[in-house]
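Residue-level structure breakdown
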Amino acid sequence: MTLLLNADLHCHSVVSDGTLTPEALAARAHGNGVQLWALTDHDEIGGQHRAMAAAHALGMDYLTGVEISVTFADTTVHIVGLGFDADDAQLAQGLSATRGGRGERAQEIARQLAQVGIRGAYEGALRYVGNPELISRTHFARHLVETGVCRDTSEVFRRFLTEGHPGYVPHRWATLGDALRWIREAGGVAVIAHPGRYRFTPTEEYALFSEFKQHGGQGVEVVTGSHMPSEYPVYDAMAQEFGLVASRGSDFHSPDESHTDLGTLPDLPGQLTPVWELLAERILRAPRPAAHP
């Protein structure tokens, strides 16, 4: 049954804020039984060809992927794009513009941390960055753990880098309409990533789903490493209410930081249509061994 496919359609490599290369992620996914995989780096598609080649070398099918940062109701929301043309110029240009403010934001984060006695944070964060255009809070968090300021990244985000704490610098990302247009015009399907993570009121959440649907969005992550199991039925119901297909992904970043490993999530609820059925013709199939005569 297609629904029970072990698909992991949300994870991050060193090209954005993960700690493993696309090749190492492919090997980890394959080792955990993943049959269909997507690398979804933040606002960056530079790792797509490497990820696809690594997946195919291991016999895994592949979907192109990206996670786009969007500002909605003064909140950063993430939209996953799947099954698009990885060489689409308009998508690449849009993502480049979205990344553009990260450098200035990182300098301001470091300035705020210095004011509370944490000096050299920018240089420290850069040590963890695979792509300097994509320096993020995660890289600062790793530096604060490595230097003993905090025990782990969870403590970092309790004490720093979040609203009301030192190092919080908001950034205005792409609009929801722009992000969905880039994905759609590149031939892909847009998915709301981990909706349970956003601190929306019920009215704001309903507005997000409504506007997402109006802009041509087609899917939502129901089973994800960023959700509690109690949230699976909540977004199962939202998918049904809005007529959205369902996606599944670990949101894996690092063996040392991520609570959910690649390929280890439960199956999607049986009444939902999985996103990979909608994208069947966009799946990049691994070469199959030739049949013997």
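Residues numbered from 1 in each chain as written. Predicted model: local features only at pLDDT ≥ 70, side-chain atom pairs only at ≥ 80, totals over all residues. Heavy atoms only, no water.

**What to know about the overall build of the protein**
Inclusion rule: In this description a helix means any DSSP run of H or I spanning at least four residues, a strand means any run of E spanning at least two, and both kinds are numbered starting from the N terminus. As a reference, a globule follows 2.2 Å times the number of residues to the power 0.38, and the radius of gyration itself is taken over C-alpha atoms. When accessible area is computed with a 1.4 Å probe and restricted to protein chains, residues below 20% of their type maximum are described as buried, those above 50% as exposed, and intermediate ones as partly exposed. A contact between two residues is defined here by any heavy atoms of the two lying within 4.5 Å. Throughout, the Shrake-Rupley method with a 1.4 Å probe supplies accessible areas, and for residues the shown protein chains are the sole cover considered.
When helices and strands are counted, the protein shows eleven helices and eight strands. Radius of gyration (C-alpha) of the protein: 19 Å, near the 19 Å computed for a compact globule of 293 residues. For the protein, the spread of C-alpha atoms along the three principal axes comes to 70 × 45 × 40 Å. The 293 residues of the protein split such that 55% are buried. Taking contacts inside the protein between residues at least 6 apart in sequence as the whole, the part at least 24 apart equals 73%. Surface exposure of the protein reaches about 12,700 Å², of which carbon and sulfur atoms provide 51%.

**Thoughts on the layout of surface pockets**
Inclusion rule: In the cavity and pocket records, a cavity denotes points on a 1 Å grid over the protein atoms alone where a 1.4 Å probe fits but cannot get out, a pocket denotes an open set with protein on both sides within 12 Å along at least 5 of 7 lines, and lining residues are residues with an atom within 4 Å of a point. Grid points are joined across faces, edges and corners, and a volume is the space filled by probe spheres set on the points. Any residue outside Ala, Val, Leu, Ile, Met, Phe, Trp, Tyr, Cys, Pro, Asp, Glu, Lys and Arg is labelled polar, Gly included; the first ten of those are nonpolar and the last four are charged.
By volume, the second largest pocket is sized at about 200 Å³. Thr19, Tyr128, Arg142, Val145, Glu146, Arg151, Asp152, Thr153, Ser254, Asp256 and Glu257 together form the lining of the second largest pocket. The biggest single contributor to the lining of the second largest pocket is helix H6 (residues 137-146), with three residues. Class assignment of the residues belonging to the lining of the second largest pocket gives a composition of two nonpolar, three polar and six charged.

**Some thoughts on the sheet that holds strand E4 (residues 65-72)**
Note the following rule: Strand pairing is defined by DSSP finding a minimum of two bridges between the two strands. Axis definition: a line fitted to C-alpha atoms, limited for helices to the stretch in contact. Angles are taken between N-to-C directions and run from 0 to 180 degrees.
Spatial strand order, E4-E5-E6-E7-E8: five strands in an open sheet with mixed pairing. Because the sheet does not close on itself, it has two edges, and the strands there are E4 and strand E8 (245-249). Sheet twist, expressed as the mean angle between neighbouring strand axes with direction ignored, is 40 degrees. With five bridges joining them, strand E7 (residues 219-224) and E8 adopt parallel strand pairing. From the neighbouring strand, Thr224 faces E8, where its bridge partner is Gly249.

**Describing the pattern of salt bridges**
So the rule is basically this: Salt bridges are defined by distance alone: a side-chain nitrogen of Lys or Arg within 4 Å of a carboxyl oxygen of Asp or Glu.
Applying the stated criterion to the full structure yields twelve salt bridges. The closest approach of N and O atoms between Arg142 and Glu257, which form a salt bridge, is 2.7 Å. Of the two residues, Arg142 is situated in helix H6 and Glu257 in the loop between E8 and helix H11 (275-278); the sequence distance between them amounts to 115 residues. Using a relative accessible area of 6% as the deciding quantity, one classes Arg142 as buried.

**A short note on the environment of Thr147**
Looking at the secondary structure, you find Thr147 in the loop between H6 and helix H7 (153-159). The sequence separation of Thr147 and Ser136 amounts to eleven residues, and the corresponding C-alpha distance is 17 Å.

**A look at the packing of aromatic side chains**
The geometry of an aromatic ring pair is captured by the separation of the ring centres together with the interplanar angle, meaning the angle of the planes. Worth spelling out the cut-off: Aromatic pairing here means that ring centres of Phe, Tyr or Trp (its six-membered ring) are within 6.5 Å. Orientation follows from the plane angle: under 30 degrees is stacked, over 60 is edge-to-face, and everything else is tilted.
Tallying each qualifying case throughout the model produces six aromatic pairs. Aromatic pair Trp37 and Tyr62: ring centres 5.5 Å apart, planes at 65 degrees, arrangement edge-to-face. Residue Trp37 is located in strand E2 (residues 36-37), and its partner Tyr62 is located in strand E3 (residues 61-62); the two are separated by 25 residues in the primary sequence. Like Trp37, the residue Tyr62 is buried in the burial classification. Geometrically, the ring pair formed by Phe209 and Phe242 is tilted, given 5.4 Å between the ring centres and 40 degrees between the ring planes. Here Phe209, found in helix H9 (residues 202-214), pairs with Phe242, found in helix H10 (residues 232-242); they are 33 residues apart in sequence, far enough to count as distant. Overall, the relative accessible area of 11% leaves Phe242 in the buried class. Through a chain of ring-to-ring contacts, the aromatic side chains of Tyr206, Phe209, Tyr235 and Phe242 assemble into a single cluster.

**Quick look at empty space enclosed by the protein**
In the structure shown here, the tally under the stated rule is one cavity of 30 Å³ or more. Size it by volume and the largest cavity reaches roughly 30 Å³. Along the walls of the largest cavity sit Arg102, Arg105, Ala106, Ile109, Ile135, Ser136, Arg137 and Phe140, which together make up its complete lining. Of all the secondary structure elements, the ones that give two or more residues to the lining of the largest cavity are helix H4 (102-115) and H6. With four residues, the single largest contributor to the lining of the largest cavity is H4. By residue class, the composition of the lining of the largest cavity is four nonpolar, one polar and three charged.

**Side note on unusual backbone geometry**
A positive phi angle, near 55 degrees, is found at Asp43, a position not held by glycine. Positionally, Asp43 belongs in the loop between E2 and helix H2 (48-57). For Asp43, a relative accessible area of 0% puts it in the buried group. A positive phi angle, close to 50 degrees, is found at Ala73, a residue other than glycine. Tracing the backbone through its elements, the reader meets Ala73 in the loop between E4 and strand E5 (75-82).

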